[in-house]
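# Summary of the model geometry
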Amino acid sequence: MPEAPEVEAVVRTLRPLVQGKQIHRIRVIHEVAVRPQSSAFLNRRLAGAHILDAGRRGKYLLLMLDRGCVAIHFKFDGQLLWFDKAAGAPPRGVHLDFTFEMEDGTLAFVDQRHLGHVQWLCKPDDSPGIKALGVDAFSKLFTLPRLVEICRSRPRPLKILLVDQTRIAGIGNIYASESLWLARLSPWKRSDLLSPAEFKRLHKAVVSVLARALECCLHPPPDFRNPQWWFNGVEKMLRVYDREVKSCRRCGSKIRRVEQGGRSTYFCANCQRQ
DNA sequence: CCTGCTACCTGATGGC
DNA sequence: TGCCATCAGGTAGCAG
């Protein structure tokens, strides 16, 4: 479920934990997590490799190695856990899909639903999904003129455009609704028909929603040692997402849920007009 | 090329 | 209580 702010918080918290460490061995507990790669292939690539850094592209987390890199996508429910070696083996009953075993502990990828995945790549762009990513929403390149260009280049409903990873990378279903609410723009508004003032509001809203979400995700930061930890961005700051029938925090009208591109969009029909 | 639909999975929830 | 349908913060793959 994580969007860019959640993944960014994981990257920043993970970096000091793994930077410079050697992967002694890996273990594939559920092959589905690494499909179409195999446990034998990953072992060959990863055993003995050193982690140089952790990074992010859109919603993908990257572990940069001295030999290639690992791309992890959390999809809806994936998460990372850390088990200190001193504490012994991971307790039974904790679902694990993939583990990196290091000198001082084990980093585990966990995803009961098995939609997320772990892949070894020679370089990030060898993943078609990563290669196709548009400008990262957290990047300095995501400027107002860039947003205007993106919006005009392919006329589509704003909500659909915001979650299109090949245009802007990192915004998901929640922060798309939140950004449009903050910008007071209809999710159906055609992206090429915004006024200059509306473009400016949209850009400002996206940047502000993501920055706030990241702050929430970092305070407190993810606790990989606690199997119960979960991303902490959204709950504290939702203004419209998942508030169907509740009243708009700005004008008091009922928040509505509609379907766009097969997914839920939440909005206030009074504040967010065409 | 583009767009839109479905598959991929499992668990939680709510109505009957 | 049980059963069924629906929903979930995402992408990849395919058809048209």
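About the cut-offs
As a convention, each chain's residues are numbered from 1 in the sequence order in which they are written. As they are written, the chains are lettered A onward and the ligands numbered 1 onward, keeping that order. Totals for whole chains, interfaces and linings use all residues, but because this is a predicted model, local features are given only for residues with pLDDT of at least 70 and pairs of side-chain atoms are given and counted only at 80 or more. Side-chain numbers come from the whole structure's heavy atoms, not from hydrogens or water. Between any two strands, pairing holds if DSSP finds at least two bridges. Helix numbers and strand numbers start at the N terminus; a helix is a DSSP run of H or I with at least 4 residues, a strand a run of E with at least 2. A pair is scored as a salt bridge if a Lys or Arg side-chain nitrogen falls within 4 Å of a carboxyl oxygen belonging to Asp or Glu. Under the scheme applied here, a residue whose accessible area is under 20% of the maximum for its type counts as buried, over 50% as exposed, and between as partly exposed, the area being computed with a 1.4 Å probe on protein chains only. In these notes, a set of buried Ala, Val, Leu, Ile, Met, Phe, Trp, Tyr and Cys residues joined through side-chain atoms within 4.5 Å is what counts as a nonpolar core. Axes here refer to lines fitted to C-alpha atoms; in helices the fit is confined to the stretch in contact. Angles between the N-to-C directions go from 0 to 180 degrees. Any two residues having at least one pair of non-hydrogen atoms within 4.5 Å are treated as being in contact. For the domain bounds, the source is a domain assignment made automatically or taken from a database. When two components associate, each loses some accessible surface as probed by a 1.4 Å sphere; the sum of these losses over both components is called the buried area. Whenever a nitrogen or oxygen atom comes within 3.5 Å of another N or O atom, the pair is scored as a polar contact, on the condition that within protein one atom can donate a hydrogen and the other can accept it, and that pairs from neighbouring residues in sequence are kept only if both atoms are in side chains.

## Observations concerning the pairing of strand β2 (residues 51-57)
The sheet contact formed by β2 and strand β3 (residues 60-65) spans 6 bridges and is antiparallel. Pairing of Ala54 across the sheet is with Leu63, part of β3. Linking two consecutive strands that pair antiparallel, namely β2 and β3, is a turn of 2 residues; a positive phi of about 55° is found at Gly58 within it.

## Quick look at the pattern of salt bridges
Applying the stated rule across the entire model yields 15 salt bridges. Among the salt bridges present, the one from Arg25 reaches Glu101, with a minimum N-O distance of 3.9 Å. With Arg25 in strand β1 (residues 23-28) and Glu101 in strand β6 (residues 98-102), the pair connects residues that are 76 residues apart, well separated along the chain. On the basis of relative accessible area, Glu101 is assigned to the buried category, the value being 18%. One salt bridge connects Arg113 with Asp77, and the closest N-O pair in it is separated by 3.8 Å. Of this pair, Arg113 sits in the loop between β7 (105-110) and β8 (117-121) while Asp77 is found in the loop between β4 (69-73) and β5 (79-84), placing the two residues 36 residues apart along the sequence. Given a relative accessible area of 33%, Asp77 falls into the partly exposed group.

## A word on the nonpolar core
Ranked by size, the top nonpolar core spans 39 residues in total, and within it Leu46, Leu61, Leu63, Leu80, Phe98 and Phe100 carry the most contacts. The leading source of residues in this core is helix α1 (residues 4-18), at 6 residues. If you look at the next biggest cluster of nonpolar residues, it comprises 38 residues, including Leu185, Ala205, Leu210 and Cys216.

## Quick word on the sheet that holds β8
Ordered in space as β2-β3-β4-β8, the 4 strands form an open sheet in which the pairing is antiparallel. Strands with a single pairing partner mark the edges of an open sheet, and in this sheet they are β2 and β8. When strand polarity is set aside, the average angle formed by the axes of neighbouring strands in this sheet is 20°. Pairing of β3 with β4 involves 5 bridges; the strand directions are antiparallel. Each bridged residue has a counterpart across the sheet, and for Leu61 the counterpart in β4 is Ile72. Each of β2 and β3 touches α1; the most contacted strand, β2, lies at about 175° to it. Of the strands in this sheet, β3, β4 and β8 are in contact with helix α2 (residues 39-46), which crosses β8 at around 50°.

## Side note on the sheet that holds β5
Spatial strand order, β1-β6-β7-β5: 4 strands in an open sheet with antiparallel pairing. Two strands lie at the open edges of the sheet, namely β1 and β5, each paired on one side alone. Sheet twist, expressed as the average angle between the axes of neighbouring strands with direction ignored, equals 20°. Across 6 bridges, the pairing between β5 and β7 is antiparallel. Bridge pairing in β7 places Leu80 opposite Phe109.

## Focus: the domain arrangement of chain A
Per the domain assignment, the segments of chain A are domain 1 (4-131) and domain 2 (135-268). Between the C-alpha centres of domain 1 and domain 2 there is a distance of 28 Å. Counting from both sides, the interface comprises 22 residues of domain 1 and, opposite them, 25 residues of domain 2. Summing both partners gives a buried area of about 2,000 Å² for domain 1 against domain 2, and 68% of it is carried by carbon and sulfur. The largest per-residue losses of area from domain 1 upon contact with domain 2 belong to Pro5, Glu6 and Lys59, which jointly make up 26% of the total buried on that side. For Arg56, the salt bridge identified is with Asp136, shortest N-O distance 2.9 Å. At the junction of domain 1 and domain 2, the tally comes to 9 residue pairs in polar contact (both at pLDDT 80 or more). Put simply, the parts of the chain that give the side of domain 1 that touches domain 2 at least two residues each are α1, β2 and β5.

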